[in-house]
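# Coordinates in review
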Amino acid sequence: MEMRELIGKFVERMQVLRHLLPILPDEQLCVRFESGDETVLLVVGKEPSAAEMEHDERKTLTIRGSKASLASLLNGELKLQQLVRLQEVHVSGSFRHLLLLESLLHLAKPYRHVG
């Protein structure tokens, strides 16, 4: 699955889950996912915005890694801190933004039914 599709599914889950609204930042946070030659920008915040907006580097969190590691992150299989410890991804940006993204990823991960 393409990275854009994975991020699109994550955004759809975030929009449905109303309990995420209180922790969304007032000022938008840009999350840049980089894998090889592919880069996808995700804008997180209470106010909707265009992805083409000019973003402040101080409010940008960059996550670099393989497509497989980013897919396991976006699918909720592994946590961001686990991937950092395993040196599967490299994160640059503020620690506060990293914790916010990790919280959003955890709270919006897809549930798997036991059957």
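Please read these numbers as outputs of a predicted model, since none were measured by experiment.

## Quick look at the overall build of the protein chain
Per the secondary structure count, the protein chain includes four helices and four strands. The order of helices and strands in the protein chain, counted from the N terminus, is α-β-β-β-α-α-β-α. Residues classed as buried in the protein chain amount to 40% of the 115 residues present. Counting only contacts in the protein chain whose residues sit at least 6 apart along the sequence, the fraction spanning at least 24 positions is 62%. About 7,300 Å² of surface is accessible on the protein chain, with carbon and sulfur atoms providing 53% of the total.

## Observations concerning the packing of helix α1 (residues 3-16) against helix α2 (residues 67-74)
Orientation of α1 relative to α2, taken along the N-to-C sense of each, is 10 degrees, at an axis distance of 10 Å. Classified by the angle their axes make, α1 and α2 are roughly parallel. Every residue of α2 that contacts α1 at Met 3, Leu 6, Ile 7 and Arg 13 is listed here: Leu 70, Ala 71 and Leu 74. Residues belonging to the contact of α1 with α2 are distributed by class as follows: six nonpolar, no polar and one charged.

## Overview of the confidence of the model for the protein chain
For the protein chain, the mean per-residue pLDDT works out to 85, and 89% of the residues sit at or above 70. Per-element confidence in the protein chain is highest for strand β4 (residues 89-92), whose mean pLDDT is 96, and lowest for α1, whose mean pLDDT is 88.

## Side note on unusual backbone geometry
Residue Gln 87 is not a glycine yet carries a positive backbone phi of 60 degrees. Relative to the assigned elements, Gln 87 resides in the loop between α3 (80-85) and β4. Taking the relative accessible area as the measure of exposure, Gln 87 reaches 70% and is therefore exposed.

Parameters and conventions
Residues numbered from 1 in each chain as written. Predicted model: local features only at pLDDT ≥ 70, side-chain atom pairs only at ≥ 80, totals over all residues. Heavy atoms only, no water. Helix = DSSP H or I, 4+ residues; strand = E, 2+ residues; numbered from the N terminus. Buried < 20%, exposed > 50% of the residue type's maximum accessible area, 1.4 Å probe, protein only. Contact = heavy atoms within 4.5 Å. Areas by Shrake-Rupley, 256 points an atom, 1.4 Å probe, with all protein chains shown as cover. Axes fitted to C-alpha atoms, helices over the stretch in contact; angles between N-to-C directions. Parallel < 35°, antiparallel > 145°, perpendicular 65-115°, else oblique. Nonpolar A, V, L, I, M, F, W, Y, C, P; charged D, E, K, R; others polar. pLDDT = per-residue confidence, 0-100.

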